[in-house]
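Letter by letter, the chains look like this.
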Amino acid sequence: MTQPKYITDIDKILEIPEDERKKLKPITDKFVFRVNDYYLNLIDWDDPEDPIRKLVIPNEGELSEYGRWDASDEDTNYVVPGCQHKYRTTALLLVSEVCGAYCRYCFRKRLFRNDVHEATKDMDPGLAYIASHPEINNVLLTGGDSLILATAKLESILSRLREIDHVKVIRLGSKIPVFNPMRIYEDERLLEVIRRHSSVNQRIYVMAHINHPREITAEAKKGFEALHQAGAIVVNQTPILRGINDNPERLAELLDKLSWAGVTPYYFFVNRPVAGNREFVLPLQQVYRIVEEAKARTSGLGKRVRLSMSHTSGKIEILAIDNGKAYLKYHQSRDNEYGKFMVLDCPEDAAWFDDLPGSDQYWQKPQKKTDEVISVNELPDLPRAHAR
């Protein structure tokens, strides 16, 4: 396969002026840096506001005081190491701590600390838990990036999941379709593995993370088509990010290009209040307006997307924000409150569910299910050196 060259030292990116690289170096000491030459070639280096650049090149705002490492309290969802079970029918297996590149907005930046090990190579406890819970009919392989795994490793996990009769859907969370599409369309063994494990009764879904229409290159479309031909269904999810896709025209273009390529627009997310993410945050009112203006420019295929907040208590769909009020509904609920409708005051600067006055009456902070998983919010702000 054609393998892109990976870069983990920002000093190797000579398109960034030396004085700027020196300013960014301390950021990469706190938040790991990784990118590849294929993706770097999508950047217009003459444009300091280039959205592709902002996705993967560190920014000084990452060191600002903001948010929490684990903004949605994922540590409370673990039932055994490497396996989360938050919603009744869905389990998550964290199969990797590595991605094709590290998005600067990532809501799991904590995984890239050298003293956090939530992903696990030992799938046995998670697979045993899933096998013993027949209500789980779909499993998401995530991390990190599921398609960064060697094909043999991925094949082993898929084969073992397919031995569990009640698991009907396997989801592969991945940005590889745009970070390294060659990994998909040039790996015939990968496509054969997907072909073998995705059928009319037990389907594989690829949960792509495509943030901007410029990521949808000829190579990416070739990768989508290879996945389609192998029997996978590809859907897309992206947060709305300041300076990257907070433009209704660009967002509408993304919806159109996804639909034209046969990729279902699935979720628009509100960016979680995660440590290091201040530069990407937008007020809820603005996010809602941008999304609605984008949807007005696209067909019903693009309008299938839902705008949600992945909150500790569940996925909260934003139905409308009007005249200072937020109209919300639990699209998924940790506490079986699916469909609960909420109307709350929405201050102009509110950027998250917790910022809405009275939101605390609708949920309670959950308790951890296992002490085998570290609570990263309790760790020091800076990772301990040489923890690996």
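Residues numbered from 1 in each chain as written. Predicted model: local features only at pLDDT ≥ 70, side-chain atom pairs only at ≥ 80, totals over all residues. Heavy atoms only, no water.

Caption draft 1: Just helix α8 (residues 188-197), in detail. Those residues of α8 not exposed but buried are Leu190, Leu191, Val193, Ile194 and His197. Axial view of α8: buried residues confined to an arc of 155°, hence all on one face. Close packing links the buried residues of α8 with α5 (151-162), α7 (182-185), β8 (203-208) and α9 (218-229). (Buried < 20%, exposed > 50% of the residue type's maximum accessible area, 1.4 Å probe, protein only. Helix = DSSP H or I, 4+ residues; strand = E, 2+ residues; numbered from the N terminus. Arc of directions from axis to C-beta. Contact = heavy atoms within 4.5 Å.)

Caption draft 2: Here's a closer look at the pairing of β8. Two strands pair when backbone bridges link them, and strand β7 (residues 169-174) and β8 are joined in this way by 6 bridges, in the parallel orientation. The residue of β8 that forms the bridge with Ser174 is Ala208. Pairing of β8 with strand β9 (residues 233-240), which is carried by 4 bridges, proceeds in the parallel orientation. The residue bridging Met207 from the neighbouring strand is Val235, located in β9. (Pairing = 2+ DSSP bridges.)

Caption draft 3: View of the layout of surface pockets. By volume, the largest pocket is sized at about 940 Å³. Phe107, Arg108, His209, Gln237 and Arg272 are, among the 44 residues lining the largest pocket, the residues nearest its centre. For the lining of the largest pocket, the secondary-structure elements that each account for two or more residues are β4 (83-87), β5 (90-94), β6 (138-142), β7, β9, β10 (264-270) and β11 (306-311). Classifying every residue of the lining of the largest pocket by side-chain character gives 18 nonpolar, 18 polar and 8 charged. Approximately 300 Å³ is the volume attributed to the second largest pocket. What lines the second largest pocket is a set of 14 residues, and nearest its centre among them are Pro48, Lys54, Pro58, Asn59 and Glu279. Going through the elements one at a time, α1 (18-30) and α3 (51-56) are the ones with two or more residues in the lining of the second largest pocket. (1 Å grid on protein atoms, 1.4 Å probe; cavity = no way out; pocket = protein on both sides within 12 Å on 5 of 7 lines; lining within 4 Å. Points joined across faces, edges and corners; volume = space filled by probe spheres on them. Nonpolar A, V, L, I, M, F, W, Y, C, P; charged D, E, K, R; others polar.)

Caption draft 4: Broad picture of the packing of α5 against α8. The N-to-C vectors of α5 and α8 enclose an angle of 5°; their axes lie 10 Å apart at closest approach. Between α5 and α8, the angle falls in the class roughly parallel. Taking contact as the criterion, the partners of Thr151, Ala152, Leu154, Glu155, Leu158, Ser159 and Arg162 in α5 are, on α8, Arg189, Leu190, Val193, Arg196 and His197. (Axes fitted to C-alpha atoms, helices over the stretch in contact; angles between N-to-C directions. Parallel < 35°, antiparallel > 145°, perpendicular 65-115°, else oblique.)

Caption draft 5: Structural detail: the pairing of β5. Taken across its 5 residues, β5 has 5 buried, putting it largely inside the fold. Every second residue of β5 is oriented toward a common face, with Thr90, Leu92 and Leu94 on one face and Ala91 and Leu93 on the other, all of them buried. Note: β4 against β5, 3 bridges, orientation antiparallel. Bridge pairing in β5 places Cys83 opposite Leu93. Linkage of β4 to β5, two consecutive antiparallel strands, is achieved through a turn of 2 residues. Here β5 runs beside β6; their pairing, made up of 5 bridges, is parallel. Residue pairing in the sheet places Leu93 in a bridge with Leu141 of β6.

Caption draft 6: The nonpolar core, seen in detail. Counting 119 residues, the largest nonpolar core has Ile57, Ile130, Leu141, Leu328 and Phe353 as the members making the most contacts within it. The greatest single-element share of this core, amounting to 6 residues, is contributed by helix α11 (residues 284-295). Apart from the residues lying within four places of it in its own chain, the contact partners of Leu328 are Met309, Ile316, Glu317, Ile318, Leu319, Lys340, Phe341, Met342, Leu344, Phe353 and Leu356. (Core = buried A, V, L, I, M, F, W, Y, C linked by side-chain atoms within 4.5 Å.)

Caption draft 7: The arrangement of the packing of aromatic side chains in detail. For the coordinates displayed, the defined rule picks out 5 aromatic pairs. When the centroid spacing of 6.5 Å and the interplanar angle of 85° are considered together, the rings of Tyr105 and Phe280 count as edge-to-face. With Tyr105 in the loop between β5 and α4 (124-131) and Phe280 in the loop between β10 and α11, this pair connects stretches of sequence that are 175 residues apart. Comparing Tyr105 with Phe280 shows no difference in burial state: the two are buried. (Phe/Tyr/Trp six-rings, centres within 6.5 Å; stacked < 30°, edge-to-face > 60°.)

Caption draft 8: Molecular detail of the sheet that holds β6. Strand order in the open sheet formed by 12 strands is β3-β4-β5-β6-β7-β8-β9-β10-β11-β12-β13-β14, and the pairing between neighbours is mixed. At either end of the open sheet lies a strand with only one pairing partner, and these are β3 (78-80) and β14 (341-345). On average, each strand axis in the sheet is tilted by 30° relative to the strand beside it, whichever way the strands run. Bridging between β3 and β4 involves 2 bridges; their strand directions are antiparallel. The residue bridging Tyr78 from the neighbouring strand is Gln84, located in β4.

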